[in-house]
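One-letter residues, chain by chain:
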Amino acid sequence: MTPKTSRPAGTQPETGQTTVVNTSPWKVDGIGLVTGAPLFVDDLQLRGTLHVKLLGSPHAHARIRSIDVSEALRVKGVQLILTHENTPRVPHTTAGQGYPEPSPYDAFMFDTKVRFVGDRVAAVVAETATAAREARKRIRVDYEVLPAILSVRDAKRPGAPVIHDEPDATGIHDARRNVAAHFDFEHGSVAMGFEMADLIVETEIENGYAQHCPIEPHVCLTYLDPEGRVVVRTSTQVPFHCRRILAQCLQIPVSRIRVIKPRVGGGFGTKQEILLEDVCALATLRTGRPVKWELTRAEEFYASRTRHPMVVNVKIGVKPNGDITALDMRALSNTGAYGTHSLTVLTNAGAKTLPLYHAEHVRFDGDAVYTNLPVAGAYRGYGGTQGAFALETLIDEVCERGGFDPIAFRKRNALDTGHTSPVFAAMGEGKEGVPMVIESCGLRECIDRGAEAIGWAHKRGQGRHRPGPVKRGVGMACLMQGSGIPLIDMAAARIKMNEDGSFNLFAGATDIGTGSDTVLAQIAAEVLTVPTHMVNVLSSDTDVTPFDTGAYASSTTYISGGAVKKAAEALRAEIFDYCAEMWNVPPETLHLEAGQVLSAQGQSIAFSDLVLRAFMGFGGMQRQFEGHASHTSPTSPPPFSAHFAEVEVDTETGNVRVLDYVAAVDCGVAIHPLQAEGQVEGAALNGISYALCEQMVFDARGKLRNDSFADYKIFTSLDAPPIRTILVKTHEPTGPFGAKSIAEICINGPIPAIANAIADAVGIRLRRSPFTPERVLEALRAKAGAEAVL
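Quick caveat, the model's predicted, so the values are computed rather than measured.

Right, let's get into the overall build of the chain. In terms of regular secondary structure, the chain is built from 19 helices and 26 strands. Expected size for 790 residues packed as a compact globule is a radius of gyration near 28 Å; at 28 Å, the chain falls within 12% of this value. In terms of its C-alpha atoms, the chain occupies a principal-axis envelope of roughly 95 × 75 × 50 Å. Looking at the chain residue by residue over its 790 residues, the buried ones come to 62%. Relative to all contacts within the chain whose residues are 6 or more apart in sequence, the contacts with residues 24 or more apart total 80%. Carbon and sulfur atoms provide 52% of the accessible area of the chain, an area that totals close to 28800 Å². In the chain, 78 positive and 89 negative side-chain charges are present, and the distance between their average locations comes to 4 Å.

The structure is reproduced here in structure tokens:
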């Protein structure tokens, strides 16, 4: 007699225990990476490949009166020179975002106007890179030099030169005032909120330019397949967006383009762009030959993408009991010469910070403006970095001036499970948001464990009393981010079973070194009760894998992982249906265990035997076991984090040294804890480097002066302080096996945590990053002067 059960057919009993998820198996690509296997774009060498070199503008702002390429074409080996005179003029954005893109269509393959030093003028395609460089020198260009805007504060001033005056650009908020994008909202009345407050504190911070510095620069290889289709092998975070935008620029069908993403040597947001692919693909179509273009390190600095420099002003009102009455944020973002990601980075400065603390009255008002400086784009943290600097240093200052304990104040006002914020509905990425109730939040545990690890209770306020010129201090910051873009990001996955009981997983998700292929394999393996090595992953090939928006917005584990889990469950349901028919039992009485199908009646069969039976048709029951699914989410559950820094400040030299750094993070259930820790440590080190030394320096004509690793300083492993990661486990019910994101959030903590630690050590408030010795000494002298006056 068949036992009765209420479990739906095709499902597996949920025990809450996992065997593969929340463990740390070897990365699926680990062996190939450490043995130097040919995995990257430049590892593929095709016979007859042509090489591209770009002629960039020497001027920050100019019109091209004429171009003479006749001498350049005489250089031996030159096959083609592309300029605005022989390329399609199609307005588009280079930002790899979902369609319709929220960024303005203000870019062209080549234009009659250049808008920053290094902007595209001509591309030489030649047999060798040497020939291309020689021909580039022989191109003669007559420029009409125009006045340039080299400061974000000058962009909207009356009489400022108009950077985008072309009539065919679309989506620009106010071109005449150089405003690429604008967003504002108000919940309640901040004016009323400030009237209710007993203490009002305001601050204004400024983040500078920063480069992503991937080890592998942008590189692309294009060629024709036997059917004459363009194959684009490129180091990208967004293969499907790349294919769509390429088709738009080249004015050919999507079906004529195949994009393949091999291993990527670092992205961090800069490869969420279409920067090389259009020129390479057009050159291949014109010549019929493979074409390769790889940026030099200098070009990577000034001609790829950067972080958006931003001026952020935040004002807060507080009652005597510590309740926040009003939060008001104003942001002015420098999008550079083109508006890629201008609106969405701007809105994220508020959307990823303002909901963190309860306030009845909240307002945000922001503009992203054009300047004649390098183009800003996506960068890990994506606006949250800029907003967190302003908000978390302001919270610290409020506590100092109001006599509040910084930890208690944050706990009193911060989000928690079951809470919501009006900001969620009012403000999303570039548009109105989605109402959301927090279903998992470990922030208070993050605060407690992080404070204990750093020694907050006995170090706070004590280090400035040390004898001698070197003082110490501790600071903290609380953070939130998101997990994908709700109702926009979508991923799909397909999984099939092989004769030996292994599986092939086809996912559009883009592993850019983050380990997502491994995480997705773990999710599938958990559903199917096999080890991770039994799941072979093929990802990011637009001809073979299903659609995925790409590696950005902290979406891969949450969104792509959701698709993989659904696809594996669909395959499992097929297995149950087959075995139910084979054994004449209800499918709801079946379950999987260690690569076998078992029934409540005692039957069992190994996957390898099952597949052979299904493939070879024993009993006339032939089929391929396969599952496929798509996934999107109506919500974007935030990961939460509390960061703590201990610093040492030399009051004679201004040097700041991080002695200890603790990042406590709630990412739900970490699918691969070791990789999660790596994400935290990498993001934190990136943020520490940005806080203390990274800056792009321009001359009076807008030319970048430090376009090499000799002059642009970044932290290496030798500079890294101790970084300790604490993973605080919660369970997000909307995520695959309880997971949320972790990739971006921890880059947002170092600037405010270090700034607050410096204030604790020597009593100065640094409001402009990076915190160089010169700026520290300047602030110390200003403090000493103010104290002398008193």
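A separate point is the sheet that holds strand S16 (residues 470–480). One open sheet holds the four strands; their spatial order is S16-S24-S25-S26, and the pairing between them is mixed. The open sheet has two edge strands, S16 and strand S26 (723–727), and neither has a second partner. Strand-to-strand twist of the sheet, defined as the mean angle between neighbouring strand axes without regard to direction, takes the value 10 degrees. In the sheet, strand S25 (residues 656–666) pairs with S26 via five bridges, with the strands oriented parallel. By the bridge assignment for S26, valine 665 is matched with leucine 727. Against the sheet, helix H17 (residues 673–692) contacts S25 and S26, and its axis sits at roughly 135 degrees relative to S26. Against the sheet, helix H18 (residues 750–762) makes contact with S16, strand S24 (640–650) and S25, and its axis sits at roughly 145 degrees relative to S16, the strand it touches most.

The element strand S15 (residues 361–370) is largely enclosed, with a buried count of eight among its ten residues. As defined by bridge partners, strand S7 (residues 179–187) adjoins S15 across eight bridges and the pair is classed as antiparallel. Opposite histidine 187, over in S15, you have valine 362 as the bridge partner. In this structure, strand S14 (residues 324–336) lies alongside S15, joined through ten bridges in parallel fashion. By the bridge assignment, leucine 332 is partnered in S15 with aspartate 367. On the question of chirality, the crossover connecting S14 to the parallel S15 by way of helix H8 (residues 342–351) is right-handed.

Let us look at the nonpolar core. In terms of nonpolar packing, the biggest core is built from 116 residues, with Ile754, Ile758 and Phe771 touching the most fellow members. The element that contributes the greatest number of residues to this core is H17, accounting for nine residues. Leaving out residues up to four positions away in the same chain, phenylalanine 771 has contacts with Phe389, Val656, Ala691, Leu692, Ile751, Ile754, Ala755, Ile758, Leu766 and Val776. In terms of nonpolar packing, the next biggest core, distinct from the first, is built from 51 residues, Ala491, Ile495, Ala507 and Val527 among them.

Any pair of aromatic rings gets described here by the distance separating the centres and the angle formed by the planes. Taken as a whole, this structure holds nine aromatic pairs when the rule is applied. A centroid spacing of 5.7 Å and a plane angle of 75 degrees characterise the contact between phenylalanine 301 and phenylalanine 709, whose relative ring orientation is edge-to-face. A residue pair is termed long-range when its members are at least 10 positions apart, and phenylalanine 301 in helix H7 (residues 297–303) and phenylalanine 709 in the loop between H17 and S26 qualify at 408 residues. With a relative accessible area of 1%, phenylalanine 301 lands in the buried category. Given a relative accessible area of 39%, phenylalanine 709 falls into the partly exposed group. Site record: aromatic cluster; members linked through ring pairs are Phe301, Phe709 and Tyr712. The ring of phenylalanine 110 carries the charged tip of arginine 120 above its face, separated from the ring centre by 5.7 Å. The ring centre of phenylalanine 506 lies 4.2 Å from the NZ or CZ of arginine 494, which sits over that ring.

How each quantity is defined
Residues numbered from 1 in each chain as written. Predicted model: local features only at pLDDT ≥ 70, side-chain atom pairs only at ≥ 80, totals over all residues. Heavy atoms only, no water. Helix = DSSP H or I, 4+ residues; strand = E, 2+ residues; numbered from the N terminus. Rg over C-alpha atoms; globule rule 2.2 N^0.38 Å. Buried < 20%, exposed > 50% of the residue type's maximum accessible area, 1.4 Å probe, protein only. Contact = heavy atoms within 4.5 Å. Areas by Shrake-Rupley, 256 points an atom, 1.4 Å probe, with all protein chains shown as cover. Lys, Arg positive; Asp, Glu negative; His and termini not counted. Charge placed at Lys NZ, Arg CZ, Asp CG, Glu CD. Pairing = 2+ DSSP bridges. Axes fitted to C-alpha atoms, helices over the stretch in contact; angles between N-to-C directions. Right-handed = clockwise from strand over helix to strand, strands pointing away. Core = buried A, V, L, I, M, F, W, Y, C linked by side-chain atoms within 4.5 Å. Phe/Tyr/Trp six-rings, centres within 6.5 Å; stacked < 30°, edge-to-face > 60°. Lys NZ or Arg CZ within 6 Å of the ring centre and 35° of its normal.

Note that all results are geometric; they support no functional claim without further evidence.
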